[in-house]
Amino acid sequence: MEQGVTLAPTEAGSYAALAEVLSRVGRTEDALEAAAQALRLKPEFADDHLAGVGTAYAVAGRYAEARAALQRYLSRYPNILPVHLTLAVVYSELGQAAEARAEVAEVLRLNPKFSLEVHRQRMPIKDPAVLERHLAALRKAGLK
């Protein structure tokens, strides 16, 4: 991803993807810098990069910023399961139980056989504590 930014330094999507990857490997501050750069580069009316930006904010615990980015992304792309999962975590962490359950309903609509155990195995979060916090928020929201 860092090579992608080097090759395309004016592409918001490159920075957004870098932000998501860096957040998942525990480089939170670098992820937030990449997210900020993605937001600076992308015009307000184009939202393709907001999933990566929102994920970086969510992993960093900046839930209000994550919520805004993820909601906006889903308004344009409503059937993206990983974004609904991240938004369920965000709502759960913000104490917005009804909204978290609504996101769980979307997850189950998109994948009726969703399993937290399978998700645990596939979730690319390097830090075990961050992964457990993510899974606990999904459990609290109603996923099994």
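Everything below is about the structure shown above.
Only a predicted model underlies this, so the values are computations on that prediction, with no experimental measurement involved. (Residues numbered from 1 in each chain as written. Predicted model: local features only at pLDDT ≥ 70, side-chain atom pairs only at ≥ 80, totals over all residues. Heavy atoms only, no water.)

*Asks:* Is there a simple way to think about the nonpolar core in this case?
*Replies:* Side chains of a nonpolar character, in soluble globular proteins, are inclined to be buried together. Counting 46 residues, the largest nonpolar core has Val 90, Leu 138 and Leu 143 as its most contacted members. Those residues in contact with Leu 138, other than ones at most four positions away along the chain, are Leu 85, Ala 88, Val 89, Leu 116, His 119 and Leu 143. (Core = buried A, V, L, I, M, F, W, Y, C linked by side-chain atoms within 4.5 Å. Buried < 20%, exposed > 50% of the residue type's maximum accessible area, 1.4 Å probe, protein only. Contact = heavy atoms within 4.5 Å.)

*Asks:* What's the story with helix α3 (residues 28-41) in this structure? I'm lost.
*Replies:* Owing to its 3.6 residues per turn, the α-helix brings residues three or four apart onto one side. With 14 residues, α3 should reach 20 Å at 1.5 Å per residue; the first-to-last C-alpha distance of 20 Å fits that figure. Those residues of α3 that are buried lie in contact with α2 (12-24) and α4 (50-59). (Helix = DSSP H or I, 4+ residues; strand = E, 2+ residues; numbered from the N terminus. Expected span 1.5 Å × (residues − 1).)

*Asks:* What is the right way to read the packing of aromatic side chains from this model?
*Replies:* According to the stated counting rule, one finds one aromatic pair in the structure shown. When the centroid spacing of 4.9 Å and the interplanar angle of 35° are considered together, the rings of Tyr 73 and Tyr 77 count as tilted. (Phe/Tyr/Trp six-rings, centres within 6.5 Å; stacked < 30°, edge-to-face > 60°.)

*Asks:* Any chance you could explain the pattern of salt bridges here in plain terms?
*Replies:* Oppositely charged side chains can form a pair if their charged atoms are brought close together. One pass over the full model with this rule turns up nine salt bridges. Arg 76 is paired through a salt bridge with Asp 48; the nearest N and O atoms lie 3.4 Å apart. Of this pair, Arg 76 sits in helix α5 (residues 63-76) while Asp 48 is found in the loop between α3 and α4, placing the two residues 28 residues apart along the sequence. Judged by relative accessible area, Arg 76 falls into the partly exposed class, the value being 42%. We classify Asp 48 as partly exposed; its relative accessible area is 43%. A salt bridge links Arg 120 to Glu 117; the nearest nitrogen and oxygen atoms lie 3.7 Å apart. Of the two residues, Arg 120 and Glu 117 are both situated in helix α8 (residues 116-122); the distance of three residues between them amounts to about one turn of the helix. For Arg 120, a relative accessible area of 27% puts it in the partly exposed group. Taking relative accessible area as the criterion, Glu 117 reaches 44% and is therefore assigned partly exposed. Taken together, the shared-partner salt bridges connect Glu 2, Arg 27 and Asp 30 into one network. (Salt bridge = Lys/Arg side-chain N within 4 Å of Asp/Glu carboxyl O.)

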